[in-house]
Amino acid sequence: MAERKPCQGLNSKCFLVTYLVIVVFLLILWFNRTDLLQEDLRVIPAELQAYIISPPRPISEEEAFLNNKQVLTINLFKDNWTLVYFSHANCLPSCLTGFNKLATFQSAYASKDVGTLLIDLDSDVHARGKLDQLLQYQNFNFPVLEAEEAVIEGLAITFIALYLKSDLGDGYYQIEQEHKLFLVDPKSRVYAVFDEQTPALTIDNSFAALRSFYAKTE
């Protein structure tokens, strides 16, 4: 009989326990970051309250990339609106919905100041290029960020993009992920988040409203 893989599926007890541990850690981190505890004076419209992050979370070069050989800067987002999705090459079929939402947004809004970005959760050097191959096979065309583990972890903490990498032994591992989509504003801040239940049409409609609200409050 095949050995059951640990933390198999997002509904497994192991994953849920690990999820809670990560959440507690992030809450402690959150309350110790005084720059994120500033009062948000914006009056957020009711229709956007489910999505807007209050206050927006700055993507800090120091906390995400410090002491890493791979140099990345805030220019990663090029002062654009960017819809971001975290995933990996072995995510099918669960990530296909996320890919389709990203593609719908890309088709509707892609321009010189609006873009998409896929961040590869699998930092293993042997996995490099595989997510790109998967996207090509599935007929998607997204920019992909591949980076060292510490960089990916730093970004995941800032975005609060939870994932779990389980060691299965003999060099094998398994990655479990959430399927949230994050909107980064032109100031390189995590400005809004859409959970996996949010339809693509709602994301598109909300983005127009978010940009209008942003223009009035920034």
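For the structure itself, consult the block above.
Residues numbered from 1 in each chain as written. Predicted model: local features only at pLDDT ≥ 70, side-chain atom pairs only at ≥ 80, totals over all residues. Heavy atoms only, no water.

### A closer look at the sheet that holds strand E1 (residues 52–58)
Inference 1: The mixed open sheet is built from 6 strands, whose spatial order is E1-E8-E7-E2-E3-E4. Each edge of the sheet is formed by a strand with only one pairing partner; in this case those strands are E1 and strand E4 (144–145).
Inference 2: Sheet topology note: the strand E2 (residues 81–87)/strand E7 (residues 181–184) ladder contains 4 bridges and is antiparallel. Looking at E7, one finds that Thr82 is bridged to Val184.
Inference 3: Those strands touched by helix H3 (residues 96–109) are E2, strand E3 (114–120) and E7, and its axis lies near 155° from that of E3. (Pairing = 2+ DSSP bridges. Helix = DSSP H or I, 4+ residues; strand = E, 2+ residues; numbered from the N terminus. Contact = heavy atoms within 4.5 Å. Axes fitted to C-alpha atoms, helices over the stretch in contact; angles between N-to-C directions.)

### A word on the environment of Gly115
Inference 1: Along the polypeptide, Gly115 turns up in strand E3.
Inference 2: Looking at Gly115, the relative accessible area reads 21%, which means it is partly exposed.
Inference 3: Non-local contacts of Gly115, meaning those with residues more than four positions away in its chain, are made with Trp81, Thr82, Leu83 and Phe105. (Buried < 20%, exposed > 50% of the residue type's maximum accessible area, 1.4 Å probe, protein only.)

### Observations concerning the pairing of strand E8 (residues 189–194)
Inference 1: Summarising burial for E8: 5 of the 6 residues are buried, a large majority.
Inference 2: Where E1 lies against E8, 3 bridges are found, and the strand directions are antiparallel. Bridge assignment links Pro58 to a residue of E8, and that residue is Arg189.
Inference 3: Looking at chain direction, E7 and E8 are connected through 4 bridges and run antiparallel. In the sheet register, Leu181 faces E8, and the bridge partner there is Phe194.

### A word on the packing of aromatic side chains
Inference 1: For the structure on display, the rule yields 16 aromatic pairs.
Inference 2: Their ring planes at 70° and their centres at 5.3 Å tell us that Phe86 and Phe159 sit as a pair that is edge-to-face. Taken as a pair, Phe86 in strand E2 and Phe159 in helix H5 (residues 149–159) lie far apart in primary sequence, 73 residues in all. Of the two residues, Phe86 and Phe159, both sit in the buried class.
Inference 3: Ring plane angle 85° and centroid distance 5.9 Å describe the contact between Phe86 and Phe182, whose orientation is recorded as edge-to-face. Pair noted here: Phe86 is in strand E2 and Phe182 is in strand E7, with a separation of 96 residues, a long-range link. Residues Phe86 and Phe182 agree in their burial class; the two are buried. (Phe/Tyr/Trp six-rings, centres within 6.5 Å; stacked < 30°, edge-to-face > 60°.)

### Points about H3
Owing to its 3.6 residues per turn, the α-helix brings residues three or four apart onto one side.
Inference 1: In this model, H3 (14 residues) spans 20 Å end to end at C-alpha, consistent with the 20 Å of a helix rising 1.5 Å per residue.
Inference 2: Along H3, the residues classified as buried are Gly98, Phe99, Lys101, Leu102, Phe105 and Tyr109. For H3, the buried positions fall inside an angular range of 160° around the axis, keeping them on one side.
Inference 3: Buried residues along H3 sit against E2, E3, helix H4 (130–137), E7 and helix H6 (200–217). (Expected span 1.5 Å × (residues − 1). Arc of directions from axis to C-beta.)

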